[in-house]
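Here are the chains, one letter per residue:
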Amino acid sequence: MTATVESPAPATPAPPKPRPGPKRASGSPLTTVNPASRMFVLAVMGLFALYFLLPVWWLTVSATKGSGELFSGNGFWFGAHFALWDNVQTLFEAQGGIYSRWLLNSLLYAVGGGVVSTLLATMCGYALAKFPFPGREAVFGTVLAAVLLPAPVLAVPLYLLFSHTGVINTFWSVFIPSIVSPFGVYLSRIYAASSIPDALIEAGRIDGAGEFRIFVMGMRIMAPAMVTIFLFQFVAIWTNFLLPSLMLADRSLQPVTVGLVGWREMQGYPIGYATVVTGALLSVVPVVAMFVSLQSFWSKGLVAGSVK
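Calculation notes
- Residues numbered from 1 in each chain as written.
- Predicted model: local features only at pLDDT ≥ 70, side-chain atom pairs only at ≥ 80, totals over all residues.
- Heavy atoms only, no water.
- Helix = DSSP H or I, 4+ residues; strand = E, 2+ residues; numbered from the N terminus.
- Buried < 20%, exposed > 50% of the residue type's maximum accessible area, 1.4 Å probe, protein only.
- Contact = heavy atoms within 4.5 Å.
- Areas by Shrake-Rupley, 256 points an atom, 1.4 Å probe, with all protein chains shown as cover.
- 1 Å grid on protein atoms, 1.4 Å probe; cavity = no way out; pocket = protein on both sides within 12 Å on 5 of 7 lines; lining within 4 Å.
- Points joined across faces, edges and corners; volume = space filled by probe spheres on them.
- Arc of directions from axis to C-beta.
- Nonpolar A, V, L, I, M, F, W, Y, C, P; charged D, E, K, R; others polar.
- Core = buried A, V, L, I, M, F, W, Y, C linked by side-chain atoms within 4.5 Å.

Asker: Residues and numbers for the overall build of the chain, please.
Answerer: The secondary structure content of the chain amounts to 14 helices and zero strands. Starting at the N terminus, the α and β elements of the chain follow one another as α-α-α-α-α-α-α-α-α-α-α-α-α-α. Within the chain, the fraction of its 308 residues that count as buried is 32%. Of the contacts formed within the chain by residues at least 6 apart in sequence, a portion of 73% connects residues at least 24 apart. Counting only carbon and sulfur atoms, one obtains 70% of the accessible surface of the chain, whose full area is about 19,500 Å².

Asker: Give me the layout of surface pockets: which residues, what numbers.
Answerer: When its volume is computed, the largest pocket comes out at roughly 870 Å³. Among the secondary structure elements, those contributing two or more residues to the lining of the largest pocket are helix H3 (98-130), helix H4 (136-148), helix H5 (155-165), helix H6 (172-178), helix H7 (182-195), helix H10 (223-238) and helix H11 (242-247).

Asker: Any details on helix H8 (residues 198-206)? Residues and values, ideally.
Answerer: Taken residue by residue, H8 has Leu200, Ile201 and Gly204 as its buried positions. In an axial view of H8, the angular spread of the buried residues amounts to 100°, which keeps them on one side of the axis. Relative to its buried face, H8 has exposed residues pointing more than 90 degrees away, namely Asp198 and Ile206. On the buried face of H8, the contacting elements are H3 and helix H9 (211-221). One or two steps after H8, the chain reaches Gly208, where phi turns positive at roughly 90°.

Asker: Go over empty space enclosed by the protein with me, naming the residues and quoting the values.
Answerer: One pass over the full model with this rule turns up one cavity of 30 Å³ or more. In this structure, the largest cavity spans a volume of roughly 60 Å³. A total of three residues in the lining of the largest cavity trace back to one element, the largest contributor, which is H3. Within the lining of the largest cavity, the residues separate by chemical class into seven nonpolar, two polar and no charged.

Asker: So, the environment of Ile271: which residues are in play, and what are the values?
Answerer: With respect to the helices and strands, the residue Ile271 is situated in the loop between helix H12 (256-264) and helix H13 (273-293). Spatially, the C-alpha atom of Ile271 lies 8.7 Å from that of Gln95, the residues being 176 residues apart in sequence. In this structure, Ile271 is in contact with Ala94, Gln95, Trp263, Met266 and Val276, ignoring residues within four places of it in sequence.

Asker: Explain H9 to me, using residue names and the numbers behind them.
Answerer: Among the residues of H9, Ile214, Phe215, Gly218 and Ile221 are the ones counted as buried. Looking straight down H9, one finds that the buried residues subtend no more than 100° of arc, so they occupy a single side. Of the residues in H9, the exposed ones pointing more than 90 degrees away from the buried face are Phe212, Arg213 and Arg220. If you follow the buried residues of H9, they end up packed against H3, H7, H8 and H10.

Asker: Could you give an account of the nonpolar core, with specific residues and numbers?
Answerer: In a soluble, globular protein the nonpolar side chains are often hidden away together inside. The biggest cluster of nonpolar side chains holds 29 residues, and the ones touching the most others in it are Tyr99, Phe234, Trp238, Val256 and Trp263. Secondary structure elements with two or more residues in this core: H3, H10, H11, H12 and H13. If we skip the residues at most four places from it in the chain, Tyr99 touches Leu91, Phe92, Val256, Leu260, Trp263, Gly279, Leu282 and Ser283. Counting residues in hydrophobic clusters, the runner-up holds eleven residues, among them Tyr126, Ala192, Ile214 and Met222.

Okay, structure coming up:
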C-alpha cells in the first residue's frame, strides 16, 4: 500500500506595500498658498495700512507748515518753509502756555487712573479666579455686562451723580470714573485662572504666607496682563473727550483733548489752525512712547520658575 504525500498549500501572496504619498512642501505658510491668494491678502492689508497711516502722515506734514501754507498746495507733502519749530514755540506760548497745563492734566488722569485701575482690576480678577464664594459667577456675569456697555452711556448719569455730591469741576470728577475698568477685571480673571497654578497658592499657604503675600507673588506672573490692562486704560483715558468736557468748566483742569477742541472752535482766531494741528501731533507722542517703552514687558512671559 503506497502512502500518499500531500502537496503543500500554495503560499498566499503578500499584500502590496502602500505607495508613499506626495511629500508636503516644507517652509513658511506663505510658500504653500496660491500666489494669487497671497497677492490678494497682501493688497488688502496694504490698503488697511494706508487707510490708518494716511491721517498720521497728513498730521505730521501739516505740523511743519505755516498758517499760510496749510490750506494751499499739496496737503500730503511739505511746504516751501519748514515751520515745525516755530509752530511748537507758538503752541507753548499761546494763552500763557496753557497747553503745557493740558498735557500735565492728561498725564495725571491717564497715568494715575491707569495705575489705580490696573491694581483694582488685578485684585478683582484674582479674587474671582482663585476664591470660591457664593455668587461668584453672578458677579462675573455683571462684569461681562459692564464690558458690553458703552462708556458714553454712563457720562450723563455720572454728571448727575457728581453734581449732587459737589465733585463737579474738580480733579476727582474725571479721576474717579477712570479707575474703573470692567475689561481689566475680565482679562485679569481669565489670565489668573490660566496662568497662576493652584499649587503655588497651596505652597504659599503651607509655608505660612498670608493671602496678600501670595497675591503679590501672583502679580509677578500676571505682569503681561497688567501691562495690557494699563495700556488699554491709558489710551482710553487719554483719548476720552465726552466725560471731561461735561465735568470740567475750568480750563486749567481740562485735558489736552478738550483744550484742543476748544481752540478748534475759535475758527482760527486768536489761535491759528497750524497751532492746533501741532498740538494734536504732540498729543500723540506720549501714547506712542508708552507703547514703545512697555512693549518688551507686554510680550515677556514671567511664568517660568514660579513653581519649584
